[in-house]
Amino acid sequence: MEFSYSNPTVIHFGKGKIASVSKAVPKDLKVLVIYGGGSIKRNGVYDQVTAALADHDWIEFAGVEPNPRAETLDKAVALCKDQNVGFVLAVGGGSVIDGAKYVVAAAKYDGNGWDILEGKHKVRDALPLGAVLTIPATGSESNIGAVITRGETHDKLPFMSPAVRPLFAVMDPDVMKTLPERQLVNGLVDAWVHTCEQYLTRSHGAMVQDGYAEALLRTLKHLGDNFDARDCDEWRENLMWAANQALNGLIGAGVPQDWATHMIGHELTALYGVDHARSLAIVQPSLLRHQMEHKRAKLEQMGQRVFELAGGDDLAERTVDAIEAFYEALGVKTQLVEHEGDKAAAIDRIVGQLERHGMVTLGENKEITLDRSREILEKAV
Ligand code: NZQ
Ligand code: ZN
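The rules we used
- Residues numbered from 1 in each chain as written.
- Chains lettered and ligands numbered in written order.
- Predicted model: local features only at pLDDT ≥ 70, side-chain atom pairs only at ≥ 80, totals over all residues.
- Heavy atoms only, no water.
- Donors = N, O, S within 2.8 Å, 3.2 Å for Na, K, Ca; no water.
- Helix = DSSP H or I, 4+ residues; strand = E, 2+ residues; numbered from the N terminus.
- Buried < 20%, exposed > 50% of the residue type's maximum accessible area, 1.4 Å probe, protein only.
- 1 Å grid on protein atoms, 1.4 Å probe; cavity = no way out; pocket = protein on both sides within 12 Å on 5 of 7 lines; lining within 4 Å.
- Points joined across faces, edges and corners; volume = space filled by probe spheres on them.
- Nonpolar A, V, L, I, M, F, W, Y, C, P; charged D, E, K, R; others polar.
- Phe/Tyr/Trp six-rings, centres within 6.5 Å; stacked < 30°, edge-to-face > 60°.
- Salt bridge = Lys/Arg side-chain N within 4 Å of Asp/Glu carboxyl O.
- Pairing = 2+ DSSP bridges.
- Near = heavy atom within 4 Å.
- Polar contact = N/O pair within 3.5 Å; in protein donor to acceptor, adjacent residues only side chain to side chain.
- Areas by Shrake-Rupley, 256 points an atom, 1.4 Å probe, with all protein chains shown as cover.

What should I look at first to understand the coordination of the zinc ion (ligand 2) in this one?
For a metal with four tetrahedral donors the ideal donor-metal-donor angle is 109.5 degrees, while six octahedral donors give ideal angles of 90 or 180 degrees. Protein coordination of the zinc ion (ligand 2) is provided by D190 (OD), H194 (NE2), H262 (NE2) and H276 (NE2), with donor distances spanning 2.0 to 2.1 Å. Taken in chain order, the donor set of the zinc ion (ligand 2) reads D-x3-H-x67-H-x13-H. One end of the pair, D190, is in helix α7 (residues 181-199); the other, H276, is in helix α11 (residues 276-290), with 86 residues separating them in the sequence. Each of the two residues, D190 as well as H276, counts as buried.

Structural data, given as structure tokens:
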């Protein structure tokens, strides 16, 4: 095992913590507050943030959409450049925080921001960023990744840079009280799949990473099985912390990682507007069955330690069935239903997108070729 690990994001977790924005954001820099479609105006988060910024010089940019679009974000980039913004505060979910990551990176770059997504510009410098999280799901509030969409061309691509990791993240579980049930479920499923992407690979003997991943999976399963208890502090706190820990770099340190479900799922979102988490639930069970022989040992381990299934030759298969049943019990479909027209045409489109985006050797073994992605989709679409 070999890795370098650092996660310097300061976490302010708990009720009332939005007030900590006041001290966490430097007062000598002009601040741009970025947010989404307005949920923060309706649930009091905006008021708490503006109260905390009472002694700051700040402006705002609203309207970052779910699956944030470069076309929109470029307007915020221009605002940063024109108004000499020195600090960006993202207030929202993964979309707003990812969008803000693009903004802080592109604000320090003279070329077209989309170059970042195409790998033509490597991000080494960015404006400082802070985050107030309003939906637990992506872990974006303390990680180095962002996923940005170019609406015009249906491209949804990730980039990563330590330069865009938020300096601090405020995580007040009370903000979850206004989340629509659909978004709450999405967050749970996304965090679950993030854990799986770093855990369901091959046996590697890293007991701490495996053990911690299993603790997260058991937590998420418990929360899902007890979804009726969601309207209490403990339930909300556990989901918010689990989702953060699932993708803050810790459980993936020094171990093989998959991420093929995510890369294929992104194309479902880009083409058919499927919610991010729901795209994962469509792809993952089929992918796990397709990759069964590579993943058998870890699926068996998960079956025993997370689902507490009895041993047997078909334990790995039963574990995938249990994952699928977990999604279905949460009301999350495991087949693509959003596509229009016939299935074969939909699969051609998705595979065409994967090819165009260079997603031609996916998975921990880099052996999910386009043909294999096609086979996976044929069972999922
Ligand atoms: O825009 P507003 O009005 O705020 O409404 C949002 C949005 O419609 C609403 N919402 C958020 N907090 C709320 C709330 N509604 C009521 N009360 C609240 N407290 O929820 C909707 C969805 O928000 P969004 O930010 O899109 O959700 P999520 O956090 O699931 O983010 C998804 C995005 O993150 C990317 C996804 O691809 C997708 O674009 N990901 C980012 C990752 C990362 N940076 O590491 C990893 C993930 O795998 C993922 O790919
Ligand atoms: Zn995800």
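From this point, the discussion proceeds with the structure in view.
What should I look at first to understand the layout of surface pockets in this one?
A water-sized probe rolled over the atoms picks out the places where empty space is left. Here the second largest pocket defines a volume of roughly 170 Å³. Around the second largest pocket, the lining residues are I116, G119, H121, K122, V123, F159, M160 and S161. Among the residues making up the lining of the second largest pocket, the classes are represented as four nonpolar, three polar and one charged.

Even after reading the chapter, I still don't get the packing of aromatic side chains, so can you show me in this structure?
Geometry of an aromatic ring pair is reported as the spacing of the ring centres plus the angle between the planes. According to the stated counting rule, one finds seven aromatic pairs in the structure shown. Judged by centre distance (6.2 Å) and plane angle (15°), the ring pair of F87 and F168 falls under stacked. On the criterion of sequence distance, the pair formed by F87 in strand β4 (residues 87-92) and F168 in strand β8 (residues 168-171) is long-range, its members being 81 residues apart. Overall, the relative accessible area of 1% leaves F87 in the buried class. On the accessibility criterion, F168 (3% relative accessible area) is buried. With 5.7 Å between their ring centres and 80° between their planes, F227 and W235 make a pair best called edge-to-face. Owing to a relative accessible area of 10%, F227 belongs among the buried residues under this scheme.

Got a minute to help me understand the pattern of salt bridges in this structure?
Side chains bearing opposite charge may pair, as long as their charged atoms lie close to each other. All told, the structure shown has 24 salt bridges when counted by the stated rule. Notably, a salt bridge pairs K108 with D125, separated by 4.0 Å at the nearest N-O pair. Placement of the pair is K108 in the loop between α5 (94-106) and α6 (114-117) and D125 in the loop between α6 and β5 (129-133), with a sequence separation of 17 residues. Take K108: its relative accessible area is 42%, and that puts it in the partly exposed class. Here R356 ties to D155 by a salt bridge, and the two come within 2.9 Å at their closest N and O atoms. Here the residue R356 occupies a position in helix α14 (residues 343-356), and D155 occupies one in strand β7 (residues 155-160), the gap between them amounting to 201 residues. Residue classification places R356 among the partly exposed residues on the basis of a relative accessible area of 46%. When salt bridges with common partners are traced through the structure, they connect K15, D174, K177, D231, D233 and R236 into a single cluster.

Can you help me understand the pairing of strand β6 (residues 145-150) in this one?
Along a regular strand, successive side chains alternate from one face of the sheet to the other. Burial of β6 is extensive: five of the six residues sit out of reach of the surface. With six bridges connecting them, β6 and β7 associate as antiparallel partners. Directly across from T149, in β7, lies its bridge partner K156. Turn length for the β6-β7 hairpin, with the two strands adjacent in sequence and antiparallel, is four residues, and the turn residue H154 shows positive phi of about 55°.

It is not clear to me how the site of ligand 1 should be interpreted in this structure. Could you clarify?
Near ligand 1 there are 33 residues, and of these G37, S39, S95, K156 and H194 occur at the shortest range. G145 has a polar backbone atom sitting 3.0 Å from a nitrogen atom of ligand 1. Contact with the protein chains removes 89% of the 960 Å² of surface that ligand 1 exposes when unbound. Looking at the shell around ligand 1, the elements with two or more residues in it are α5, β6, α7 and α10 (260-272). Looking at side-chain class alone, the shell around ligand 1 contains 10 nonpolar, 20 polar and three charged residues.

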